[in-house]
Amino acid sequence: VDSKIVAIHAAMGGGTGLNMFLKRFPNRCFDVGIAEQHAVTFAAGLACEGFKPFCAIYSSFLQRAYDQVVHDVDLQKLPVRFAMDRAGLVGADGPTHCGAFDVAYMACLPNMVVMAPSDEAELFHMVATAVAIEDRPSCFRYPRGNGIGVQLPSGNKGSPLEIGKGRVMVEGTQVAILGYGAILQNCITAAALLGEHGLSVTVADARFCKPLDQVLIRQLAYHHDVLLTVEEGSIGGFGSHVAHFLAVDGLLDRRLKWRPLVLPDHYIEHGTPNDQIAEAGLTAGHIAATVLNILGRLREALQIMS
């Protein structure tokens, strides 16, 4: 047990799950009340003194503390770990709790490592990765709700990931779908749908928005005709970082057709998770139909959507 690890939340011990941490480590868990700004600066101070703070705050509520994230943490290059709960659409919690913007506002910061797990096992590994990052701040986003039922790491203990390294989940030759975060599961389902239409699809899990896995993105761009980036976040996030890299690296000067799928540019009201994902256009059917549209196979795209 690492006695230097401490946890901080802003009156959300139940929502973040830190009440369980509090029971086991009552002297290492701090509830600062509804004061996200103080939570971040407090975490920065603890990091200065050699502690390893995890600042667990809902994605939408961390917006309140952005000035502190920039000036008190990132500018100082302090190893504060941000666990951003309620990332993406949140069902009955509605637009006030929807974590749409965290990738955009965190990945633009020069020193921040930005991660998103695609399932609960990956979340364990990203917690371990955040612990291992001691020279700069880091963050990881995860959604509201349950996991998908994958096998968890032995002893419920993750292993640090290589920083900026994604992974290929399904190998194909024609179309590449690069997912960021939990939406990867829909990407895998979309690949199966496209397979029924005779298309060979690669699905990759980006894992990191910052730093990007440039080697992986180059491989996907060079060896496929179509590249989709898919994320449950606003414009300006993961897809925008990939687009910037593709442009600077000259990868858009070739035959590649690239498209981003992001949350729409409006707030999505309360609803079931499935209804919200459908409204956002991020179901497996939407992803598959987007690929077919790019390829000019409009009739098949309509068939999938119907």
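Residues numbered from 1 in each chain as written. Predicted model: local features only at pLDDT ≥ 70, side-chain atom pairs only at ≥ 80, totals over all residues. Heavy atoms only, no water.

Quick notes on the sheet that holds strand E7 (residues 167–170)
Okay, so step 1: Here 5 strands make up an open sheet; going across it, the order is E7-E9-E8-E11-E12 and the pairing mixed. Here the strands that pair on one side only, and so sit at the sheet edges, are E7 and strand E12 (257–261). Pairwise comparison of adjacent strand axes, ignoring direction, gives a mean angle of 25 degrees for this sheet.
Okay, so step 2: As judged from the 6 bridges shared by strand E8 (residues 175–180) and strand E11 (residues 226–231), these two strands associate in the parallel manner. Counted as the bridge partner of Tyr180 is Glu231 from E11.
Okay, so step 3: The strands touched by helix H10 (residues 238–248) within the sheet are E8, E11 and E12, with E11 carrying the most contacts at an inclination of about 150 degrees. (Pairing = 2+ DSSP bridges. Helix = DSSP H or I, 4+ residues; strand = E, 2+ residues; numbered from the N terminus. Axes fitted to C-alpha atoms, helices over the stretch in contact; angles between N-to-C directions. Contact = heavy atoms within 4.5 Å.)

Quick word on the pattern of salt bridges
Okay, so step 1: Going through the model one piece at a time under the given rule, you end up with 14 salt bridges.
Okay, so step 2: Salt-bridge contacts for Asp205 lead to Arg167; the nearest nitrogen and oxygen are separated by 3.0 Å. Here Asp205, found in strand E9 (residues 201–205), pairs with Arg167, found in strand E7; they are 38 residues apart in sequence, far enough to count as distant.
Okay, so step 3: Since its relative accessible area comes to 0%, Asp205 is described here as buried.
Okay, so step 4: The salt bridge involving Arg255 is made with Asp225; its shortest N-O contact spans 2.1 Å. Note that Arg255 is positioned in the loop between H10 and E12 and Asp225 in the loop between helix H9 (214–223) and E11, a separation of 30 residues in sequence.
Okay, so step 5: Overall, the relative accessible area of 44% leaves Arg255 in the partly exposed class.
Okay, so step 6: According to the relative accessible area criterion, Asp225 is partly exposed, its value standing at 36%.
Okay, so step 7: Ionic contacts of the salt-bridge type, sharing partners, join the residues Asp119, Glu122, Arg167, Asp205 and Arg207 into one network. (Salt bridge = Lys/Arg side-chain N within 4 Å of Asp/Glu carboxyl O. Buried < 20%, exposed > 50% of the residue type's maximum accessible area, 1.4 Å probe, protein only.)

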